[in-house]
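Listed below are the residues making up each chain.
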Amino acid sequence: MSEFQQMAQPGWLQHYASALENLSPDRLNDLEQYLADDLQFSDPFNHLHTRDAFIALMDDMYARLDEVGFKVHSVIEQQQQGYLYWTYSASSSVTGWFSIQGVSRVEVNEAGKIRLHEDYWDGSRLMQTLPLLGRVVAWVRRKLACQG
């Protein structure tokens, strides 16, 4: 059985989570073994339709940010789908250090390769770290919290 077919076996999502936690700019190509060519990826700012576009997005992230890290806290796997609860952290000269928690919904295809990776997290948390815009976002968040 190939490593790709093993992905559909129990524990496939833990393997992927481990790859994300150990990701670095020089290990981006390691992700290719887990991803289908027609991978669908989405988060609050992106919607991509190929593995290559996802790898390019990750490459751009490492080019723009420093101290990038993923920490997966929980993995829930059910046959060909699962969920990851994670914390993403990074820093840049524009934003300073920031940390965001989120959840990913992940599905594999019949070949055991990831065909869907949807990230759910509060995009306003990231926008709040930006100069000028961050103050406006923080103000709006405070106003909305007072009315809830």
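Residues numbered from 1 in each chain as written. Predicted model: local features only at pLDDT ≥ 70, side-chain atom pairs only at ≥ 80, totals over all residues. Heavy atoms only, no water.

Draft legend 1. Region of interest: the sheet that holds strand β2 (residues 46-48). Spatial strand order, β2-β1-β6-β5-β4-β3: six strands in an open sheet with mixed pairing. Here the strands that pair on one side only, and so sit at the sheet edges, are β2 and β3 (66-78). Across the sheet, the mean angle separating the axes of adjacent strands is 20° when strand polarity is ignored. Examined bridge by bridge, β3 and strand β4 (residues 81-92) share 10 bridges and lie antiparallel to one another. Paired with Lys71 across the strands is Thr87, a residue of β4. (Pairing = 2+ DSSP bridges. Helix = DSSP H or I, 4+ residues; strand = E, 2+ residues; numbered from the N terminus. Axes fitted to C-alpha atoms, helices over the stretch in contact; angles between N-to-C directions.)

Draft legend 2. Geometry of the environment of Ile55. Its location among the elements puts Ile55 in helix α3 (residues 51-64). Beyond its immediate sequence surroundings of up to four residues, Ile55 is in contact with Leu28, Leu31, Glu32 and Leu35. (Contact = heavy atoms within 4.5 Å.)

Draft legend 3. Examining the nonpolar core more closely. Counting residues in hydrophobic clusters, the biggest one holds 33 residues, and the most contacted among them are Tyr16, Leu31, Leu84, Tyr88 and Ile114. The set of elements that each furnish at least two residues to this core consists of α2 (12-21), β1 (35-43), α3, β3, β4 and β5 (96-108). Sort the elements by how many residues they give to this core and α2 lands first, with six residues. The contacts of Leu31, once residues within four sequence positions are left out, are Tyr16, Ala19, Leu20, Leu23, Phe54 and Ile55. (Core = buried A, V, L, I, M, F, W, Y, C linked by side-chain atoms within 4.5 Å. Buried < 20%, exposed > 50% of the residue type's maximum accessible area, 1.4 Å probe, protein only.)

Draft legend 4. Representation of the confidence of the model for the protein. Mean pLDDT for the protein: 86, with 78% of residues reaching 70 or above. A low-confidence stretch, residues 1-7 stays under pLDDT 50, and its non-local contacts, those more than four residues away or across chains, total 16 contacts. (pLDDT = per-residue confidence, 0-100.)

Draft legend 5. Structural context of the packing of aromatic side chains. Scanning the model with the defined rule gives five aromatic pairs in all. Measuring from ring centre to ring centre gives 4.9 Å for Phe41 and Phe54, while their planes differ by 50°; the resulting arrangement is tilted. With Phe41 in strand β1 and Phe54 in helix α3, this pair connects stretches of sequence that are 13 residues apart. For the pair formed by Phe41 and Phe54, the shared burial category is buried. An aromatic cluster is built from Phe70, Tyr88 and Phe98, whose rings are joined through pairwise contacts. (Phe/Tyr/Trp six-rings, centres within 6.5 Å; stacked < 30°, edge-to-face > 60°.)

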